[in-house]
Amino acid sequence: MTSSQSPRRLVIRNLGVETTRHGVAVTLVDDVSLDVRAGETLALVGASGCGKSLTCAASLDAAPPGVRRTTGSIAIDGVEQAPADIRGRLVATILQNPRSAFNPVRTMRQHAMEGPAARGAPAASREQRVRAAMADAGLEDVDRILDLHPFEMSGGMLQRMMIALALASGAPFLFADEPTTDLDLIVQRDILNLLLRLTRRQGLGVLLVTHDMGVVAALADRVAVMDAGRIIETARVMDIFNRPTHPVTRNLLDAHLSLYPGRSAA
Amino acid sequence: MSLLAARGASRIYRNGPAGRGGATALDQVSLDIAPGECVALLGRSGCGKSTLARLLAGLERPDAGEVRFAGRSLSTFGRADWRAFRCAVQLVFQDPVSAVNPRETVGQIIAEPLRHLRGLTGVAATGQIQALLRAVDLPADAMGRLPQQLSGGQLQRVCIARALAAQPQLLILDEAVSNLDLHLQIQMLDLFARLKRDRDVSYLFITHDLRLAERFCDRVLVMCDGRLVEETRVGGAFALTSPEGRALQDAILPAMPFRRARAG
């Protein structure tokens, strides 16, 4: 998918997001900067409501209504880009709960052809590309699956399909927002292994939003910890687990490690 | 004597997906839950866990076999029996948004079981609602809010408070803490453990997260394709032995990162 000319680095700089409550501006994301590199996973962790998902969405100018980006830029290999131009082209997005992300009355084939058509890909190559992406996402029996509707598929299959659609876009970067939260443990492990393979073998650069430090341990290379709209600590995954410096990071780790008897936080 | 039991309970959904005929969701399941006991029900998506929960809570009837509460089959229950049963057995669903009336405030949602099952209204009810909100770590001013004004995790805790309002003897938690942040999951488990200690409340804890089951439960049941395939006591060197149990245990996420070969 990616070649030697593929972009290597996506940098979000000084992102600020606010909304208005009772006539007063409220800051939701405050001066957030992130650095996503090809072939790596950067995990963005923190409590629910701390602004993780909003950071992903707002950096691509896809924030929900009533929420506005006030500051910030996004650059690919040092060149600043308009968020709307890179969304779906250089950055693909997958979300939690794949069932709500698909149109219930359309087949997988219809979903799969929509993106390439919108990007102006030649009609002849569209299906071939989708088929290759589905194989990469671990979906066998492609012919049968392309004819299925979302309700005929399991959550794990739908999440693989969402990843396949992201891969078919050819985007070198992937924003994955809680991609395994609603899946069972076994499917979760398979999806995490798939994402790990895609970063290592295909050089995908992943921004992974999660609240589960187990997911971080399984997949992340670097970790940014967010609290109340701000990044409070960024470090390599080994350092975050072995030498957390911020109290919020330590609390996240303590809660996580309390589920593994016989271990305690560093 | 067991508080709630299933005896050879089966459930077949006759209108399967895409009209593909009957699907056996539950196949002759038998289990017992004793007073004060906490039982984990483990299995992957679609294995029949939620169907079993609905049968045990009396929301659906088994096509074969029976569900017994305090020694009596639910099929023999009259109106007064059902009322007592609803008081004693409460269920918390996985998806809180679909489990509440979007037009009722949090206060109204929690007041319902207080009024119908415990006969509490007015000031007595308000006091209880505030105590329940405190127990699930929600602010008192949440009472006046509508479901859409709360986050998913907050709304799930409203559903837990509503279930506790009935002062149940058995709480069936169907992936009820899965969507919460870990520290809230642990906080809820601590609350449940306290109720278990103080009031001998029993739990059926349905989850796919073996880590939580191990922390909270006395016994783990593993379900696969509508059947119970394993029963193991928690404690000591805890290890599941059935193929399905092992598959679930092997899929537990690592506690710590391991050094990986890095790309490029």
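Quick caveat: nothing in here was measured; it's all calculated off a predicted structure.

**Quick notes on the overall build of chain B**
Move 1: When helices and strands are counted, chain B shows 8 helices and 10 strands.
Move 2: Against the 2.2 N^0.38 benchmark of 18 Å for 264 residues, chain B shows a C-alpha radius of gyration of 19 Å, consistent with a compact globule.
Move 3: Structurally, chain B occupies a C-alpha span of about 60 × 55 × 45 Å along its principal axes.
Move 4: Sequence-distant contacts in chain B: of pairs separated by 6 or more residues, those separated by 24 or more amount to 69%.

**Digging into the sheet that holds strand β2 (residues 23–33) of chain B**
Paired through backbone hydrogen bonds, the strands of a sheet run either parallel or antiparallel to each other.
Residues and elements named next belong to chain B.
Move 1: A sheet is described by the order of its strands in space; here 4 strands give the open sequence β2-β1-β4-β5, paired in antiparallel fashion. With partners counted over all chains shown, the strands left at the sheet margins are β2 and β5 (72–73), one partner each.
Move 2: Across 5 bridges, strand β1 (residues 4–13) lies against strand β4 (residues 64–69) in antiparallel orientation. Paired with A6 across the strands is V67, a residue of β4.
Move 3: Helix α1 (residues 49–56) rests against β1, β2 and β4 of the sheet, and its axis sits at about 120° to β1.

**Section: the interface of chain A and chain B**
Move 1: On the chain B side, the residues contacting the 34 residues of chain A number 28 residues.
Move 2: Elements supplying a minimum of two residues to the side of chain A that touches chain B: α7 (185–202), α8 (213–219), α9 (237–242) and α10 (247–257) of chain A.
Move 3: Residue composition of the side of chain A that touches chain B, by class: 14 nonpolar, 13 polar and 7 charged.

**Some points on the environment of R200 of chain A**
All names here are of chain A.
Move 1: Considering the arrangement of structural elements, one finds R200 in helix α7.
Move 2: What makes R200 partly exposed here is the crowd of 17 C-beta atoms within 10 Å.
Move 3: Here the alpha-carbon distance between R200 and T41, two residues 159 residues apart in the chain, equals 9.6 Å.

**Some details on the nonpolar core**
Move 1: Membership of the largest hydrophobic core comes to 80 residues, with the highest contact counts inside it found for A164, L174, L208 and V216 of chain A.
Move 2: The element best represented in this core is helix α6 (residues 155–168) of chain A, accounting for 9 residues.
Move 3: Here this core spans two domains, since at least three of its residues come from each of domain 1 (1–90 + 172–266) and domain 2 (102–170) of chain A.
Move 4: Setting aside residues up to four positions removed in sequence, V216 of chain A forms contacts with A43, V45, T210, V223 and V237 of chain A.
Move 5: L26, L55, L180 and V201 of chain B belong to the second-largest nonpolar core, a separate cluster that totals 76 residues.

**What to know about the domain arrangement of chain A**
Residue and element names in this part refer to chain A.
Move 1: Domain boundaries assigned for chain A yield domain 1 (1–90 + 172–266) and domain 2 (102–170).
Move 2: A separation of 25 Å is found between the C-alpha centroids of domain 1 and domain 2.
Move 3: Taken together, the contact between domain 1 and domain 2 spans 10 residues of the former and 12 residues of the latter.
Move 4: With 3 residues, α7 is the largest single contributor of residues to the side of domain 1 that touches domain 2.
Move 5: Grouping the constituent residues of the side of domain 1 that touches domain 2 by class yields 7 nonpolar, 1 polar and 2 charged.

**Section: the UniProt feature "domain: ABC transporter" (unreviewed entry) in chain A**
Move 1: The positions that UniProt labels "domain: ABC transporter" (unreviewed entry) are, in the present scheme, residues 12–253 of chain A.
Move 2: The span residues 12–253 of chain A is 39% helix and 29% strand, and its two end C-alpha atoms sit 26 Å from each other.

**Comments concerning the pairing of strand β3 (residues 41–45) of chain A**
Residues and elements named next belong to chain A.
Move 1: β3 sits mainly inside the fold: 5 of its 5 residues count as buried.
Move 2: The alternating pattern of β3 places T41, A43 and V45 and L42 and L44 on opposite faces, both of which are buried.
Move 3: Across 5 bridges, β3 lies against strand β8 (residues 205–210) in parallel orientation. Each bridged residue has a counterpart across the sheet, and for T41 the counterpart in β8 is V206.

**Digging into the sheet that holds strand β2 (residues 24–37) of chain A**
Residue and element names in this part refer to chain A.
Move 1: Pairing in this open sheet of 4 strands is antiparallel, and the strands run β2-β1-β4-β5 from one edge to the other. Here the strands that pair on one side only, and so sit at the sheet edges, are β2 and β5 (79–81). The mean angle between the axes of side-by-side strands here comes to 15°, regardless of whether they run parallel or antiparallel.
Move 2: Sheet topology places strand β1 (residues 9–21) next to strand β4 (residues 67–76); 8 bridges connect them, and they run antiparallel. When the bridges of β4 are listed, V11 appears paired with A75.
Move 3: Here helix α1 (residues 52–59) sits on the sheet in contact with β1, β2 and β4, set at roughly 110° to β1.

Basis of the calculations
Residues numbered from 1 in each chain as written. Chains lettered and ligands numbered in written order. Predicted model: local features only at pLDDT ≥ 70, side-chain atom pairs only at ≥ 80, totals over all residues. Helix = DSSP H or I, 4+ residues; strand = E, 2+ residues; numbered from the N terminus. Rg over C-alpha atoms; globule rule 2.2 N^0.38 Å. Contact = placed C-beta atoms within 7 Å. Pairing = 2+ DSSP bridges. Axes fitted to C-alpha atoms, helices over the stretch in contact; angles between N-to-C directions. Nonpolar A, V, L, I, M, F, W, Y, C, P; charged D, E, K, R; others polar. Buried ≥ 20, exposed ≤ 12 C-beta atoms within 10 Å, placed from the backbone. Core = buried A, V, L, I, M, F, W, Y, C linked by C-beta atoms within 7 Å. Domains from an automatic or database assignment. UniProt positions renumbered as here; feature names shortened; annotations may be inferred.

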